[in-house]
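# Descriptive structure summary
As a plain string of letters, each chain reads:
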Amino acid sequence: VVLVVLILKGCNITPMPHQGNGADNTIATVEKNPDSIAIPGYEMLELKASSKEQSLCMPNPPQNCCYFQICLYLEDGTLLWQSELIEPGTNSKPMVLSKTLEKGMYPNAILRYSCYRMDESLAPLNGAETKLTLWVK
């Protein structure tokens, strides 16, 4: 997890369902961290060949106090996918790529995280870019 430091105000503790074995109905709490943004890191993502529609969804960790918009690019800068605004503690809709990919490895793909304030302004905050390999099967 890469932490990108920023200043946000007005975040509280949010109840989240406990990630247990299903028999425990307790509620776990996730403390919001208004002083940083948690960015998930990936070395590789697996995609389906010859299909624009994928089952992969991307998360915004529950401790964040901002919206994510995530873009996936090939090494040459081709935009493959752009998410909607993703609220903390939720996942994006499944990816629908802008073009199909043939089987193979695509090194140096880029996940670009754009982060936005959770108010009417949707002001941009710090973001991040991570490089990864796409494994298309």
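### Quick look at the pairing of strand β11 (residues 124–136)
As judged from the 4 bridges shared by strand β5 (residues 44–47) and β11, these two strands associate in the parallel manner. Bridge assignment links Leu-47 to a residue of β11, and that residue is Val-136. In this structure, strand β10 (residues 104–117) lies alongside β11, joined through 10 bridges in antiparallel fashion. When the sheet's bridge partners are listed, Tyr-106 is paired in β11 with Leu-134. Between the antiparallel neighbours β10 and β11 lie 6 residues, among them Leu-122 with a positive phi of about 45°.

### Quick word on unusual backbone geometry
Residue Ser-50 is not a glycine yet carries a positive backbone phi of 55°. If you trace the backbone, Ser-50 turns up in the loop between β5 and β6 (59–60). The exposure class of Ser-50 is exposed, given its relative accessible area of 51%. The phi dihedral of Leu-122 is positive, around 45°, even though this residue is not glycine. Residue Leu-122 is classed as partly exposed on the basis of its relative accessible area, which comes to 35%.

### What to know about the pairing of β10
Relative to β10, strand β7 (residues 66–73) is paired through 8 bridges, and the arrangement is antiparallel. Note that in β10 the partner of Tyr-73 across the bridge is Ile-110.

### A few points about the environment of Tyr-106
For Tyr-106, the location among the structural elements is in strand β10. When its relative accessible area of 21% is taken as the criterion, Tyr-106 is described as partly exposed. When the C-alpha positions of Tyr-106 and Leu-132 are compared, they lie 8.6 Å apart, and in sequence the two are 26 residues distant. With near-sequence residues (within four places) excluded, Tyr-106 lies in contact with Leu-74, Leu-101, Leu-132, Thr-133, Leu-134 and Val-136. A distance of 2.8 Å separates a polar side-chain atom of Tyr-106 from the backbone oxygen of Glu-102.

### As for the pattern of salt bridges
In total, this model carries 2 salt bridges according to the counting rule given. Measuring nitrogen to oxygen at the nearest pair gives 3.5 Å for the salt bridge that ties Lys-137 to Glu-46. Of this pair, Lys-137 sits in the segment after β11 while Glu-46 sits in strand β5, and the two are 91 residues apart along the sequence. With a relative accessible area of 45%, Glu-46 lands in the partly exposed category. Residue Glu-129 is joined to Arg-112 by a salt bridge in which the shortest nitrogen-to-oxygen separation is 2.6 Å.

### Topic: the confidence of the model for the chain
Confidence in the prediction of the chain, expressed as mean pLDDT, is 84, and 80% of residues score 70 or more. Ignoring residues within four places in sequence, the model shows residues 1–26, a span with pLDDT below 50, making 50 contacts including any to other chains.

### Some remarks on the nonpolar core
Judged by nonpolar contacts, the single largest core of 26 residues is most densely connected at Phe-68, Ile-70, Leu-72, Leu-101, Leu-111 and Leu-134. Of all the secondary structure elements, the ones that give two or more residues to this core are β4 (36–39), β5, β7, β8 (79–82), β10 and β11. No other element matches β11, which puts 5 residues into this core. Excluding residues within four positions of it along the chain, Leu-72 makes contact with Thr-78, Leu-79, Leu-80, Trp-81, Met-95, Ala-109, Ile-110, Leu-111 and Leu-134.

The rules behind these values
- Residues numbered from 1 in each chain as written.
- Predicted model: local features only at pLDDT ≥ 70, side-chain atom pairs only at ≥ 80, totals over all residues.
- Heavy atoms only, no water.
- Pairing = 2+ DSSP bridges.
- Helix = DSSP H or I, 4+ residues; strand = E, 2+ residues; numbered from the N terminus.
- Buried < 20%, exposed > 50% of the residue type's maximum accessible area, 1.4 Å probe, protein only.
- Contact = heavy atoms within 4.5 Å.
- Polar contact = N/O pair within 3.5 Å; in protein donor to acceptor, adjacent residues only side chain to side chain.
- Salt bridge = Lys/Arg side-chain N within 4 Å of Asp/Glu carboxyl O.
- pLDDT = per-residue confidence, 0-100.
- Core = buried A, V, L, I, M, F, W, Y, C linked by side-chain atoms within 4.5 Å.

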